[in-house]
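Architecture and fold: a report
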Amino acid sequence: MRKRNHIIPLHLNKNELAHLEAQVKLSGLPREEFLRTLIMGAELRARPCDHHADLLHKVAGLCNNANQLAKVANTYGEASQQDIEEMTKLARQVWEEVKENW
């Protein structure tokens, strides 16, 4: 049996429908779920862009490298110049991507 068995007809003009469809597309939700979420008062945000996942992956790699570098530095009392340069290079790449995409 359906959980939602109450139907509410809604009439929209062309502009209202276009606006609704644009908002639904930005949210990434199905239309009915989008409307139910609005009715319940939740704050809707736009779905992240496709390049966010790639950026998060790069930031995670940067953090992993920083942790490995810190572990070596704590274990041996120093880190190699090559490790520091690689870490700096990765940080610059991530920063450049952030500047380009935002």
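Residues numbered from 1 in each chain as written. Predicted model: local features only at pLDDT ≥ 70, side-chain atom pairs only at ≥ 80, totals over all residues. Heavy atoms only, no water.

The name recorded for the protein chain in an unreviewed UniProt entry is Plasmid mobilization relaxosome protein MobC, from Massiliimalia timonensis.

1. As for the overall build of the protein chain
Counting its regular elements, the protein chain contains 4 helices and 0 strands. Taken from N to C terminus, the helices and strands of the protein chain fall in the order α-α-α-α. Expected size for 102 residues packed as a compact globule is a radius of gyration near 13 Å; at 24 Å, the protein chain overshoots this value by more than 25%. Along the first, second and third principal axes, the C-alpha atoms of the protein chain reach 70 × 35 × 20 Å. Here the protein chain holds 102 residues, and the buried ones make up 10% of them. Residue pairs in contact within the protein chain that sit at least 24 positions apart in sequence constitute 38% of those at least 6 positions apart. Carbon and sulfur atoms provide 55% of the accessible area of the protein chain, an area that totals close to 9100 Å². (Helix = DSSP H or I, 4+ residues; strand = E, 2+ residues; numbered from the N terminus. Rg over C-alpha atoms; globule rule 2.2 N^0.38 Å. Buried < 20%, exposed > 50% of the residue type's maximum accessible area, 1.4 Å probe, protein only. Contact = heavy atoms within 4.5 Å. Areas by Shrake-Rupley, 256 points an atom, 1.4 Å probe, with all protein chains shown as cover.)

2. Some words on the environment of V98
Looking at the element boundaries, V98 is found in helix 4 (residues 81-101). Sequence spacing of V98 and H52 is 46 residues, and the spatial spacing of their C-alpha atoms is 9.7 Å.

3. A short note on the confidence of the model for the protein chain
Per-residue confidence for the protein chain averages 82 on the pLDDT scale, and 97% of its residues sit at or above 70. Considering each helix and strand of the protein chain separately, the mean pLDDT is smallest for helix 4, with a value of 77, and largest for helix 1 (residues 14-27), with 92. (pLDDT = per-residue confidence, 0-100.)

4. Topic: the pattern of salt bridges
Summed over the entire model, instances satisfying the criterion amount to 2 salt bridges. Residue R31 is joined to E21 by a salt bridge in which the shortest nitrogen-to-oxygen separation is 2.7 Å. Of the two residues, R31 is situated in helix 2 (residues 31-39) and E21 in helix 1; the sequence distance between them amounts to 10 residues. Residue classification places R31 among the partly exposed positions, given a relative accessible area of 43%. Judged by its relative accessible area of 30%, E21 is partly exposed. (Salt bridge = Lys/Arg side-chain N within 4 Å of Asp/Glu carboxyl O.)

5. Topic: the packing of helix 1 against helix 2
Put simply, helix 1 and helix 2 touch, their axes get as near as 10 Å, and they point 95° apart. In terms of orientation, helix 1 lies roughly perpendicular with respect to helix 2. On the side of helix 1, the interface is formed by L20, E21, Q23, V24 and S27, while helix 2 contributes R31, F34 and L35. For the contact of helix 1 with helix 2, the per-class residue count stands at 4 nonpolar, 2 polar and 2 charged. (Axes fitted to C-alpha atoms, helices over the stretch in contact; angles between N-to-C directions. Parallel < 35°, antiparallel > 145°, perpendicular 65-115°, else oblique. Nonpolar A, V, L, I, M, F, W, Y, C, P; charged D, E, K, R; others polar.)

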